[in-house]
Amino acid sequence: MPFPKDSLYANPLGEVGAFKFDEAVVKVFPDMIQRSVPGYAAIISAIGLLAGRFARDDSVCFDLGCSLGAASLAMRRQIVANNCRVVAVDCSEAMVEQCRKNLADSAVAGVDVVCADIRDIPIENASVVVLNFTLQFIPLADREAFLAKLYRGLLPGGILILSEKLAFDDPRQQELQTEMHHLFKKAQGYSELEISQKRSALENVLIPEAFAVHRQRLKSVGFSSVEVWFQYFNFASMIALKC
Ligand code: GEK
């Protein structure tokens, strides 16, 4: 059965409120993220492959900001390590409730779903940590301390997969990549009105940063190697490795 179509911003809204991961968003989320984030499906399947490669026996794989659990499911399907838990965390109760249902329906066992703010949870004994389009929603001031905690909780040889919407220092690149993303959304069936109202809703909620900023901060908290493994316009996924 196809996912319900995202038409949350299809009609003119007098005032566009700040974007929230509430029940209305949860209902259309699979369609929304697929049609809004270029390369989303490719990134999810690669997260599964990377987890298969990096997950260690007796360790934990974290999916932070798990939404409906797509990355957790992809990891679970590929992990062959023994006694390796997958812990999926999200602070939206509506997301967590639907995530638990999706996991039950999928009959994939071995994912613990936790409703919490990822800044508040202990991250320990991790061989894999996934932040798939989540860090961009954490206030700028909290990002470094949060990533430092994450780094400390990773085992030696562990991996962070960090996917983010990117900003660009060069204004021409910023304009071009933004325009291309909007063309991508139009090609996915979103109208100009939907694109512009969604953009207003996300302003000050989703705060993108440049790759150089991500790389510098990841290095400063301790990661020895940071590279982009995937990019499609202004959406990228990075791999950060701990020695
Ligand atoms: C996927 N990773 O499908 N603590 C916990 N969760 C948070 C926090 C926080 N502080 N801030 C935001 N979230 C998913 C997609 S969506 C990306 C991630 C998007 C959660 C929020 O509730 C939402 O579910 C998720 O992060 C971001 O692979 O919609 O652009």
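Calculation rules
Residues numbered from 1 in each chain as written. Predicted model: local features only at pLDDT ≥ 70, side-chain atom pairs only at ≥ 80, totals over all residues. Heavy atoms only, no water. Helix = DSSP H or I, 4+ residues; strand = E, 2+ residues; numbered from the N terminus. Polar contact = N/O pair within 3.5 Å; in protein donor to acceptor, adjacent residues only side chain to side chain. Near = heavy atom within 4 Å. Areas by Shrake-Rupley, 256 points an atom, 1.4 Å probe, with all protein chains shown as cover. Nonpolar A, V, L, I, M, F, W, Y, C, P; charged D, E, K, R; others polar. UniProt positions renumbered as here; feature names shortened; annotations may be inferred. Buried < 20%, exposed > 50% of the residue type's maximum accessible area, 1.4 Å probe, protein only. Contact = heavy atoms within 4.5 Å.

Here we take up the side chain of Asp31. Structurally, Asp31 is set in helix H1 (residues 23–36). Polar side-chain contacts of Asp31 include one of 2.7 Å to the backbone nitrogen of Asp6.

Quick look at the site of the ligand now. Around the ligand sit 21 residues, and of these Tyr40, Gly65, Ser67, Asp90 and Asn132 come closest. At 3.2 Å, a backbone N or O of Cys91 approaches a nitrogen atom of the ligand. Note that a nitrogen atom of the ligand is positioned 2.9 Å from one of the backbone N or O atoms of Asn132. Within the complex, the protein chains bury 94% of what would otherwise be the 650 Å² of accessible surface of the ligand. Among the secondary structure elements, those contributing two or more residues to the shell around the ligand are H1 and helix H2 (40–54). Of the residues that constitute the shell around the ligand, the class distribution is 13 nonpolar, six polar and two charged.

Let's shift gears to the UniProt feature "binding site: S-adenosyl-L-methionine" (unreviewed entry) in the chain. As recorded in UniProt, the feature "binding site: S-adenosyl-L-methionine" (unreviewed entry) lies at Tyr40, Gly65, Cys66, Ser67, Asp117, Ile118, Asn132 and Arg199. The annotated residues occupy 160 residues of the chain and do not converge on a single region, their most distant C-alpha atoms lying 24.7 Å apart. Tracing the backbone through its elements, the reader meets Gly65 in the loop between strand S1 (60–64) and helix H3 (70–78). Since its relative accessible area comes to 15%, Gly65 is described here as buried. Here Arg199 falls in the partly exposed class, since its relative accessible area comes to 47%. Contacts of Arg199, omitting those with residues within four sequence positions, involve Thr178 and His182.

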